[in-house]
Amino acid sequence: MVQSTGDDANIPQENQESHQNQGLLTPLDTSLQQELNPPNSLKTHPPSAKLAPPETALNIQPAALGGDTIESKPKDYLEQHQVHKRGVESQIATWSCDASKEGDLEGTRNLGTYKRKFRSNFRFKITKISLNWSKERLSRRLGLWYRKHVVQGILRQRELPHTKDGRQIPLDISRSSPLIDERRGTPYINNSIRSSRYTIWNFLPYQLWFQFSKVANFYFLVIAILQMIPGFSTTGTYTTILPLLFFLAFVIAREGYDDFRRYQLDKIDNRRDARVLHPSGTTWINPPTGTIIERISSSFRSASKIGSAVPEKPQMKVAPVNPTAELSEHATPFDIVNSESVSWHPVMWKDLSVGDVIELRRNDQIPADIILLHADGRDGIAYIETMALDGETNLKSRRPPGIISSRTLADVLSCHAQLTVEDPNLDLYEFQGKLKVGTEMSPLTSENIVYRGSILRNTRRALGIVVNTGEECKIRMNASKNPRTKSPAIQSTTNKVVILLVLVVILLAIGCTAGYQIWTNIVEDIAWYLKDAHLGPAEIFIAFAIEFNNLIPLALYVSLELIKFAQFLLLHDVEMYDEASNTPMISNTQNIYENLGQISYIFSDKTGTLTENIMRFQKISVAGIALHHNPGAGEETSVPPIDKQKATSIVARQSLDPQTPTIVEHKAAPFDGFPFPLQRQQSRRSTDSSPFHKAPTEEFCTKEYLQYLSKYPEADIGKKMRFFLLSLALCHTCFPETRPDGTSGFQAASPDELALVEAARDLGYNIADRSVGSITLRIGTPGSGFASEEVYEILDVIEFSSKRKRMSIVIKFPNGKICLFCKGADSVILPRLKLASIAIQKATMVRQRHDQRKSFEVEEAIQRKSHEQSSRRSYQRSSFQLERPSMNLRRMTSGRPSVTIDEYGPPSPSEAMVQESLNLPRKSTQLENRFLSLPPSEPTTPRAGGVHQALDDASVFERCLEQIDEFASSGLRTLMFAYRFVNNKEYDNWHRVYNDATTSLVNRQDMIECAAEMIEKDFDLAGATGIEDKLQDGVPETIEKLQRANIKIWMLTGDKRETAVNIAHSARICKSYSHIVILDYEKGQLLQQVESALLDVTEGRIAHSVVVIDGQTLMEVERETSTTELFYDLLLRVDSVICCRASPSQKAGVVKKMRYRKPDAISLAIGDGGNDIAMIQEAHVGVGISGKEGLQAARVADYSIAQFRFLQRLLLVHGHWNYVRTSKYVLATFWKEMLFYCIQVLYQKWNGYTGTSLYEPWCLTFWNVLFSSLAVMIPGIFEADISAATLLSIPEIYSYGQDHKGFNLRKCGIWMFLAALESLAVYFMIYSLYGLVSFTTDQRLFAIGDLAFSICVIIINIKLLILEFHYKTWIPIFGAFITLAGWWAWNLFLSAIYANTPGPYSVRGGFVQHFGKNLTWWAVLFIVSGVLIAFEVLIDVVKRRFWPNIVDVWQEVERDVRKGKSVFPKDAEADEIGPG
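Source: prediction; values computed, not measured. (Residues numbered from 1 in each chain as written. Predicted model: local features only at pLDDT ≥ 70, side-chain atom pairs only at ≥ 80, totals over all residues. Heavy atoms only, no water.)

### So, the overall build of the protein
A tally of regular secondary structure across the protein gives 49 helices and 41 strands. Counting every position in the protein, which comprises 1476 residues, the buried fraction comes to 57%. Counting contacts in the protein only where the partners sit at least 6 residues apart, residues at least 24 apart contribute 76% of the total. Accessible surface, the protein: about 62,400 Å² in total, of which carbon and sulfur atoms supply 57%. (Helix = DSSP H or I, 4+ residues; strand = E, 2+ residues; numbered from the N terminus. Buried < 20%, exposed > 50% of the residue type's maximum accessible area, 1.4 Å probe, protein only. Contact = heavy atoms within 4.5 Å. Areas by Shrake-Rupley, 256 points an atom, 1.4 Å probe, with all protein chains shown as cover.)

### Observations concerning the environment of Gln432
Within the fold, Gln432 resides in the loop between β12 (418–421) and β13 (433–437). Residue classification places Gln432 among the buried positions, given a relative accessible area of 15%. For the pair Gln432 and Ile449, spaced 17 residues apart in sequence, the C-alpha separation works out to 9.4 Å.

### Some thoughts on the pairing of strand β6 (residues 273–279)
Along β6, six of the seven residues are buried, which leaves the element largely enclosed by surrounding structure. Note that β6 and strand β7 (residues 342–348) share seven bridges and pair antiparallel. The residue of β7 that forms the bridge with His278 is Ser343. Judged from the three bridges that link them, β6 and strand β8 (residues 357–361) form a sheet pairing that is antiparallel. When the bridges of β8 are listed, Val276 appears paired with Ile358. (Pairing = 2+ DSSP bridges.)

### Observations regarding helix α32 (residues 1086–1098)
Given a rise of 1.5 Å per residue, 13 residues ought to cover 18 Å, and the 18 Å separating the end C-alpha atoms of α32 matches this to within 8%. For α32, the tally of buried residues reaches eleven of 13 residues, placing the bulk of the element in the interior. For α32, the full list of buried residues reads Leu1086, Gln1088, Gln1089, Val1090, Glu1091, Ser1092, Ala1093, Leu1094, Leu1095, Asp1096 and Val1097. Trailing α32 by a residue or two, Gly1100 shows a phi angle of about 80 degrees, which is positive. (Expected span 1.5 Å × (residues − 1).)

### Side note on the sheet that holds strand β16 (residues 455–457)
On the basis of which strands lie adjacent, the open sheet formed by three strands has the order β11-β10-β16 and antiparallel pairing. The open sheet has two free edges, formed respectively by β11 (396–398) and β16, since each of these has just one partner strand. Looking at each pair of strands side by side, their axes are set apart by 45 degrees on average, direction ignored. (Axes fitted to C-alpha atoms, helices over the stretch in contact; angles between N-to-C directions.)

### A few points about the sheet that holds strand β17 (residues 461–468)
In spatial order, the strands read β7-β6-β8-β17-β9-β15; together these six strands make up an open sheet with antiparallel pairing. Each end of this open sheet is capped by a strand with a single partner; those strands are β7 and β15 (449–450).

### Considerations on the nonpolar core
The biggest cluster of nonpolar side chains holds 160 residues, and the ones touching the most others in it are Ile602, Leu1207, Leu1211 and Phe1230. Considering each element in turn, this core owes the most residues, 23 residues, to helix α38 (residues 1206–1243). Once residues within four sequence positions are removed from consideration, Ile602 is found in contact with Leu1042, Ile1047, Lys1048, Ile1049, Trp1050, Leu1164, Ile1166, Leu1207 and Leu1211. (Core = buried A, V, L, I, M, F, W, Y, C linked by side-chain atoms within 4.5 Å.)

### Observations regarding the environment of Trp990
Of note, Trp990 is situated in helix α28 (residues 984–998). What makes Trp990 buried here is its relative accessible area of 3%. Taking the C-alpha atoms as reference points, Trp990 and Ile1015, 25 residues apart in sequence, are found 7.2 Å from one another. Apart from the residues lying within four places of it in its own chain, the contact partners of Trp990 are Asp796, Ile798, Val810, Ala1011, Ala1012, Met1014 and Ile1015.

### Remarks on the pattern of salt bridges
Inspection of the entire model under this criterion finds 68 salt bridges. One salt bridge in this structure joins Asp752 and Arg973, with 3.4 Å as the shortest N-O distance. In this pair, Asp752 is assigned in helix α22 (residues 751–762) and Arg973 in strand β33 (residues 973–982), connecting sequence segments 221 residues apart. (Salt bridge = Lys/Arg side-chain N within 4 Å of Asp/Glu carboxyl O.)

### Focus: the packing of aromatic side chains
Enumeration according to the criterion identifies 57 aromatic pairs in this entry. Summarising the aromatic geometry, the rings of Tyr198 and Tyr206 are spaced 6.3 Å apart at their centres and angled 55 degrees between planes, so their arrangement reads as tilted. A relative accessible area of 7% means that Tyr198 is categorised as buried. Above the ring of Trp1231, the side-chain terminus of Lys1359 is found at 5.1 Å from the ring centroid. (Phe/Tyr/Trp six-rings, centres within 6.5 Å; stacked < 30°, edge-to-face > 60°. Lys NZ or Arg CZ within 6 Å of the ring centre and 35° of its normal.)

### Some remarks on the pairing of strand β10 (residues 382–385)
Relative to β11, β10 runs antiparallel, the two being bridged by three bridges. The residue bridging Ile384 from the neighbouring strand is Lys396, located in β11. Pairing analysis gives three bridges linking β10 to β16, with the strands arranged antiparallel. In the sheet register, Glu385 faces β16, and the bridge partner there is Ile455.

### Quick look at unusual backbone geometry
Even without a glycine there, the phi angle at Asn363 is positive, about 70 degrees. Structurally, Asn363 can be placed in the loop between β8 and β9 (369–375). Owing to a relative accessible area of 19%, Asn363 belongs among the buried residues under this scheme. Of note, the phi angle at His416 is positive, near 55 degrees, even though the residue is not glycine. Mapped onto the fold, His416 is located in the loop between α14 (409–413) and β12.

### Brief notes about the environment of Leu1052
On the secondary structure map, Leu1052 appears in strand β35 (residues 1048–1052). For the pair Leu1052 and Lys1147, spaced 95 residues apart in sequence, the C-alpha separation works out to 6.3 Å. With near-sequence residues (within four places) excluded, Leu1052 lies in contact with Phe603, Ser604, Asp605, Lys606, Cys1139, Lys1147, Val1150, Val1151 and Met1175.

### Describing the packing of helix α41 (residues 1269–1278) against helix α45 (residues 1341–1363)
One way to put it is that α41 packs onto α45 with a least axis distance of 9 Å and a crossing angle of 10 degrees. Between α41 and α45, the interaxial angle falls into the category roughly parallel. Within the contact between the two elements, α41 uses Leu1270, Ala1271, Val1272, Ile1274 and Pro1275 and α45 uses Ile1356, Asn1357, Leu1360 and Leu1361. Residues that form the contact of α41 with α45 fall into these classes: eight nonpolar, one polar and no charged. (Parallel < 35°, antiparallel > 145°, perpendicular 65-115°, else oblique. Nonpolar A, V, L, I, M, F, W, Y, C, P; charged D, E, K, R; others polar.)

### Quick notes on the side chain of Ser1268
Relative to the elements of secondary structure, Ser1268 occurs in the loop between α40 (1263–1267) and α41. Taking relative accessible area as the criterion, Ser1268 reaches 0% and is therefore assigned buried. A distance of 3.1 Å separates a polar atom in the side chain of Ser1268 from a polar atom in the side chain of Lys1232. At 3.0 Å, the side chain of Ser1268 forms a polar contact with the backbone oxygen of Trp1263. Residue contacts for Ser1268: discarding those within four places in its chain leaves Lys1232 and Trp1263. (Polar contact = N/O pair within 3.5 Å; in protein donor to acceptor, adjacent residues only side chain to side chain.)

### Structural notes on a nonpolar patch on the surface
Residues Ile499, Leu500, Leu503, Ile506, Leu507, Ile510 and Leu1305 make up a contiguous nonpolar surface patch of roughly 630 Å² in combined accessible area. The leading source of residues in the nonpolar patch is helix α16 (residues 489–522), at six residues. Here Ile506 shows up in helix α16. In this structure Ile506 comes out as partly exposed when scored by relative accessible area, which is 35%. (Patch = residues over 30% accessible without salt bridge, like charges linked within 9 Å, V, L, I, M, F, W, Y side chains within 5 Å.)

### Structural notes on the confidence of the model for the protein
Mean pLDDT over the protein stands at 75; residues scoring 70 or higher make up 71%. Across the protein, the element-wise mean pLDDT spans from 32 in strand β2 (residues 70–71) up to 95 in strand β19 (residues 599–604). This stretch, residues 1463–1476, has a pLDDT under 50; its non-local contacts, to residues over four places away or in other chains, come to 31 contacts. (pLDDT = per-residue confidence, 0-100.)

### Let's talk about α22
With twelve residues, α22 should cover 16 Å at 1.5 Å per step; its first-to-last C-alpha distance of 16 Å lies within 8% of that length. A large share of α22 lies buried, amounting to twelve of its twelve residues. Backbone geometry just after α22 places Gly764 at a positive phi near 100 degrees.

### Observations regarding the side chain of Lys564
Looking at the element boundaries, Lys564 is found in helix α18 (residues 555–570). Those residues in contact with Lys564 that lie beyond four places of it in its chain are Pro488, Gln590, Asn591, Ile592, Tyr593 and Glu594.

Right, dumping it as structure tokens:
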């Protein structure tokens, strides 16, 4: 027996990595290894089976699949959790990916030299993160304490233990009761999912905690409690608690409604239909997951079902069929069962349970994690799309386990197999288990498992058994279980202001208490009428604290909720409506609108978010000639009768059936400015017209070029073209198919191959049929009207692998010749060419020219970047120095506005400032002169003059490599094709070696690769292709504008490195001059790689830097603390980051770490698939794309849009407006309350610090409701400081929100200081001009208080709705008018209805009969109001004159535009010069 200690310290070094890679499930035990590895058994060894070495299993704790020969030692759960954690960190397998050409240059650096230089000349400071990480560590410890003592101790909710031997799942279709979960002792959880944040039990506690975590709400709660204590309050008992409860009820109800909508969307998924094989007449109900109330309601539903004979859904009637009967034309193989007692039942997804056998049809989504039992695809293979899980567009092949793969369906269903699988865990890339049928045993690997969220493609039907359900599915395990509640960034600043105001209230209360004590000694002790009226210090302090509590207005939060509801309505912009999908922009939350205007980082998915999942064949390079494939151009060509399908090159990836068509017709459009199509009249007029006569800058169109070559069938170029087209048509693994509607298409494992065979078909080389051993081509020249068929025999196929980076196929031609075709990356094809030395030499020359051009682009970009940085610090100049007549704003052809400066003199400071705000570089004569000496982008080799003047091999290599470089620079995915003829003897010798390799039981893949190296050599170059992974409309332009807005864009994807880098170039995340740093753990010395990259970035010689890292390298980086700190400091300094091969949890982890590393930066995550949910929930703002991957991301995101391009309007326009609106509202609310109540504070000296109010109580009650609410709410709803056209044209304005210019402590302090000054002016001017003059007829308290109240109403409404309001329409003017008119009407109303009783306020008839008739009262009103208005205008003029910001500058420009003094972007519509 082997005793396992379960401790990593006791595991030999060579076995530790294998141990860590297992996660919750360790490798099979020794006895199982022996059963699975019989010495001469091929049947139990499928080629894809990955078996752990027997010696590894001897040193590993058998946590899940322990055998009888190993004794397990009990292990504490926390220790197992640590092992699981290390296993999950190693979950991603090693993918060998090519570094891009930019990254290859990095490998030549001397890292040792850089390391010494880095350490000796440390020119930068690592970002200070100790505080942030200490907070994270403290939060983690508090979380552990909470789970241990509260969740486990008090609530008695224990962590689920691990099963001893894994999940035991029998394959028994006659089973009539649900399976029992060994960990719980109850049936397995059902298959329902929940993306809503709350349950009925935790909703109220979470909301109360969240609401009272706001400092203001907690402060109001304390004040409300004090107010309800008898004798303390001078302002009433319930004046705070009732509004507070109303406000909280409104906010909590709104949040509950938002979460209820998520619950409703969850029901759509949970109630989808599935087909399950159950015993006839047998039903059972899984135990529901969720709250107690949900379980009770479910039990009531269950009882009603049991009590009534009517089932919830009618059972599908499937007649039993004899298992030995032949299938009819319309029969399905899954209608054949072994017994009449079982049949297919339609059930909802939520009712699926572990052990159910389900049927899947083509294009069905997988409802749960299943083990594949049967598939009717070729060789029993099912093709699965996993884009929603890992972002990859290539289809994955899945097959049944080895021992049942060759059995009939009836045998599979009746074999009574026993499955043992791992416990649910996060690992998406590894799966372990075993399948036992009698005495036979087979491993279960990732090739047998299909996860929830995947889609069945290119396979008519499949059968599987459920192993994980609901929240235990892999995709749900990777989602955030407890997403944090998001709050606006302004809230933190508001909380700080509230804390400061609380201190002010306390100081005022202390000061007034002291004043009261002094007044008591002087006046109260000698006043007989105040006998026994003295209050103690504590009582008077609390009374003053309650009186002054309105300095922190409760109305701030009540009105803010109304404002955000109005913003919610205004956010439904028709410009963000997608007509194609009939999808509007949807807001799922109303809490964080202002965050949209402060985004600094965008974390974006790739597949389905940036791309459309459509591959378009674009470019061809053959014999040194670049051809553009444009099948829709020109006149319609007659297709041979035997192929009536229209030619096209758009390939949709997701399916090949009529419901989701693969082939889409589209209109031909110019590509990159090239004039396509060719002039058809000229080609008709003259048969001698040649495509070679085109200008050097033009490319040729493939179809017309082939039509021209058909006239010269013996020409050398024609022969080269033929072999290239044969390469396209033969070197692949696609199969033709006929769809149910009669049209033809292809089944392909990747969209790239599908695009290639579609292009071959368009060019006359159509795949008519394919079997295991042959390919039938239907060959015809486009436009010729006839075609011939040729049959090519398939001898061998050497499949593509990430390590080989190429695919080869051995073909026997109809004439008996044997030819090897190969396609792959140019870096692996070039060394295998017959003339490899010449090809490599030409590749070096092309690279040198490319690097030389790039160096000049880098120099120009560095100067531009330096200029932009200096321009951001130059806004101290006045915007009033603008020499407007000399300015001419116009639209450049690049889409960016420009400024034309008077050429007869130097630009004025104002003109320079506007130019700097546009981030336009000044002309550099030196750069222009240098560009004149640049090498030409075209190679120096001569152009072909006709079909009979083919270029030599060296020229072909040079031109082809130059064209490949151009293809790649434009973001196309490039492939190089080559071929060679093989004599029969060489092939026979090689075939024996290759056959031995494919049938080997050990090191099979290595032997196959060695055999391939023997024959993949001495190739002739056939050509190259460029395939576009089509981006969504407007993606490059959107990303460019977001980058100009100083937003850093990161791409986090599960796709391959090469694909991610190509898309980054296409989407303009990477520039042509970008310095790309590829961090790869396989190169070793990760710390040196990071140090070298960090040194390069900080030296300032790089114009635009991009870091590329894969998921496995990211895990290696995070193992070492020192490397982690340097790595994240590097990420904060670079311009963009591409993280490829990242799991969903890694995506969320990167976002979370960046939030902690840079807490002041607001992050946004955007994606469209289930693998993006965790990332979206972790970011400050989550945006979901309602894309082809489904609505999972859109359902849980804060905002949902249909296309990525709408993000620019959402952020640059609505984000900026909402930030400005909310900032103005909060700032104005604090300002008006300070102005209003400081007058009240000043009055306390004149009433003996007794707390008597200057204002009449009923006026004070309705102050925030009637007389100052519109003044702050209208700017918060309708303000548009800059027009939509300007915001979209000048993205640099977006920095206003990023830099917190709208609302910050400094600006708030200035406004509060001005409010205090203005309150002093109001009080003492009233006191001196009205209170002390002898000819005033009414100097009572109400007259003076009403005068001060009236001045505050006038000043506040005029300042906020007239002076400060930029977008002046009838709305703010009407708001000011209705408020002022309402105030005077209120005075008349009070004067008429007030009771004529004794008291401090003589209201009855006071306004109408007394001070209202006094001209002095009105004169003081207008004088004081006029002085304050003049003061506000002066402050605004001085600010704009000496301290203008970017908004002030562009407001001045827009004013000039409206006055006709300059011409703003000509292509902007007139109605866009406004709020949109």
